[in-house]
Amino acid sequence: MVLNTFERIRALPMAYQTVMALYLCQRMVPNYELFHHVTGFGDPKPLQGALNACWDWAWQGKAVKVNFARWQEKVDDVTPSEHGHDMLGVYPAMDACTAISTLLQGLMDQNSADLVSVAKVSQASVAKFLELTEGAEMDAQERRKLLREHELAQYEIEVQQAILNYLETVAEHEPQPSQTLVRQVRDMIADEGVSNIGVSMAEE
């Protein structure tokens, strides 16, 4: 039996689920940065600050103190709402905040389901983006086909499965993520260079 993406994430040790969720959240940040750049709304710093704290925590664990609830408040404070923003970019920006908030909740509660939900948020974000852009004038059947076959939708699943392959292999030999692993995963995101909906990453 072939497990689907979400079942495979559930099967990972929680420490590696955390790295997976972090990877997916980090890939969504450019969507928020672009929205902020265009509208002037909000601030990407709390999003990146929360992720930086979690990346450190991912390999150091209790050696570093992270106030997940406080970071969640900071992310919530800069989360846009579709009311008052009449533009498509608001949805991927909201999704980036939702993903990070869900990750923080999962780490606060030590709840694996929230970490799996991050992967669902990322996939749903791609689907919504496609529905609102290329799928806007399509009927239901055409839209389903679009969401199945569009390169962005396929790429999202491929990316999730590729990082899973990598983490599954490492987890077999290392019970806890190492600093080296975390650095490699962050480098993979930088090398990829685009968000889950194809927004290119801001040059650091």
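Here we summarise the structure given alongside this text. (Residues numbered from 1 in each chain as written. Predicted model: local features only at pLDDT ≥ 70, side-chain atom pairs only at ≥ 80, totals over all residues. Heavy atoms only, no water.)

1. Thoughts on the overall build of the chain
Then, in step 1: Assigned secondary structure in the chain consists of nine helices and zero strands.
Then, in step 2: Beginning at the N terminus, the succession of helices and strands in the chain can be written as α-α-α-α-α-α-α-α-α.
Then, in step 3: In terms of overall size, the chain behaves like a compact globule, its C-alpha atoms giving a radius of gyration of 17 Å where 204 residues would be expected to give roughly 17 Å.
Then, in step 4: With the principal axes as the frame, the chain shows a C-alpha extent of 50 × 45 × 30 Å.
Then, in step 5: By residue count, 46% of the 204 residues in the chain fall in the buried class.
Then, in step 6: Partitioning the contacts of the chain with sequence separation of at least 6, the portion at a separation of at least 24 is 72%.
Then, in step 7: Entry remark: accessible area of the chain is about 10,400 Å², with carbon and sulfur atoms responsible for 50%. (Helix = DSSP H or I, 4+ residues; strand = E, 2+ residues; numbered from the N terminus. Rg over C-alpha atoms; globule rule 2.2 N^0.38 Å. Buried < 20%, exposed > 50% of the residue type's maximum accessible area, 1.4 Å probe, protein only. Contact = heavy atoms within 4.5 Å. Areas by Shrake-Rupley, 256 points an atom, 1.4 Å probe, with all protein chains shown as cover.)

2. Observations concerning the side chain of Arg 8
Then, in step 1: Tracing the chain through its elements places Arg 8 in helix α1 (residues 5–11).
Then, in step 2: For Arg 8, a relative accessible area of 14% translates into the label buried.
Then, in step 3: With residues up to four places along the chain from it excluded, the contact list for Arg 8 reads Leu 3, Gln 161, Leu 164, Asn 165 and Glu 168.

3. Topic: the packing of helix α3 (residues 45–60) against helix α4 (residues 68–77)
Then, in step 1: One can describe the packing of α3 onto α4 by two numbers: an axis separation of 8 Å at closest approach and a directional angle of 155°. It follows from the interaxial angle that α3 and α4 lie roughly antiparallel. In terms of crossing hand, the pair formed by α3 and α4 is left-handed. Where α3 abuts α4, its residues Pro 46, Leu 47, Gly 49, Ala 50, Ala 53, Cys 54 and Trp 57 lie against Phe 68, Trp 71, Lys 74 and Val 75.
Then, in step 2: The class makeup of the residues in the contact of α3 with α4 is nine nonpolar, one polar and one charged. (Axes fitted to C-alpha atoms, helices over the stretch in contact; angles between N-to-C directions. Parallel < 35°, antiparallel > 145°, perpendicular 65-115°, else oblique. Left-handed = near helix turned anticlockwise from the far one by under 90°. Nonpolar A, V, L, I, M, F, W, Y, C, P; charged D, E, K, R; others polar.)

4. A word on the packing of aromatic side chains
Then, in step 1: Per the counting criterion, the structure on display carries two aromatic pairs.
Then, in step 2: For the pair Trp 57 and Phe 68, a centre-to-centre distance of 5.4 Å together with 85° between the ring planes defines the contact as edge-to-face. Of this pair, Trp 57 sits in helix α3 while Phe 68 sits in helix α4, placing them 11 residues apart in sequence.
Then, in step 3: When its relative accessible area of 17% is taken as the criterion, Trp 57 is described as buried.
Then, in step 4: Above the ring of Trp 71, the side-chain terminus of Lys 74 is found at 4.6 Å from the ring centroid.
Then, in step 5: Its guanidinium or amino end placed over the ring of Phe 6, Lys 120 lies 5.4 Å from that ring's centre, counting from NZ or CZ. (Phe/Tyr/Trp six-rings, centres within 6.5 Å; stacked < 30°, edge-to-face > 60°. Lys NZ or Arg CZ within 6 Å of the ring centre and 35° of its normal.)

5. Side note on the pattern of salt bridges
Then, in step 1: A full pass over the atoms with the stated rule returns six salt bridges.
Then, in step 2: Where Lys 45 meets Asp 43, a salt bridge forms, and the shortest distance between an N and an O atom there is 3.9 Å.
Then, in step 3: Residue Lys 45 is classed as exposed on the basis of its relative accessible area of 63%.
Then, in step 4: Across the salt bridge formed by Glu 73 and Arg 70, the nearest N and O atoms sit 3.0 Å from each other. Within this pair, Glu 73 and its partner Arg 70 are both found in helix α4, separated by three residues, close to a single helical turn. (Salt bridge = Lys/Arg side-chain N within 4 Å of Asp/Glu carboxyl O.)

6. Notes on the nonpolar core
Then, in step 1: Ranked by internal contacts, the top residues of the largest apolar core, which has 54 residues, are Leu 51, Trp 55, Ile 100, Leu 103, Leu 167 and Val 185.
Then, in step 2: For this core, the elements supplying multiple residues, two or more each, are α1, α2 (14–39), α3, α4, α5 (90–109), α6 (112–132), α8 (151–173) and α9 (179–192).
Then, in step 3: Looking at this core, the element that brings in the most residues is α2, giving 12 residues.
Then, in step 4: Leave out the neighbours within four places in its chain, and Leu 51 touches Leu 22, Cys 25, Gln 26, Val 29, Ile 100 and Leu 103.
Then, in step 5: Judged by nonpolar contacts, the second largest core, of seven residues, contains Val 126, Leu 146, Leu 152 and Val 199. (Core = buried A, V, L, I, M, F, W, Y, C linked by side-chain atoms within 4.5 Å.)

7. What about the side chain of Gln 160?
Then, in step 1: Mapped onto the elements of the fold, Gln 160 is located in helix α8.
Then, in step 2: Side chain to side chain, Gln 160 and Glu 156 meet in a polar contact 2.8 Å long.
Then, in step 3: What Gln 160 contacts, discounting residues up to four positions off in sequence, is Thr 5, Phe 6, Met 20, Leu 24, Ala 119, Ser 122 and Gln 123. (Polar contact = N/O pair within 3.5 Å; in protein donor to acceptor, adjacent residues only side chain to side chain.)

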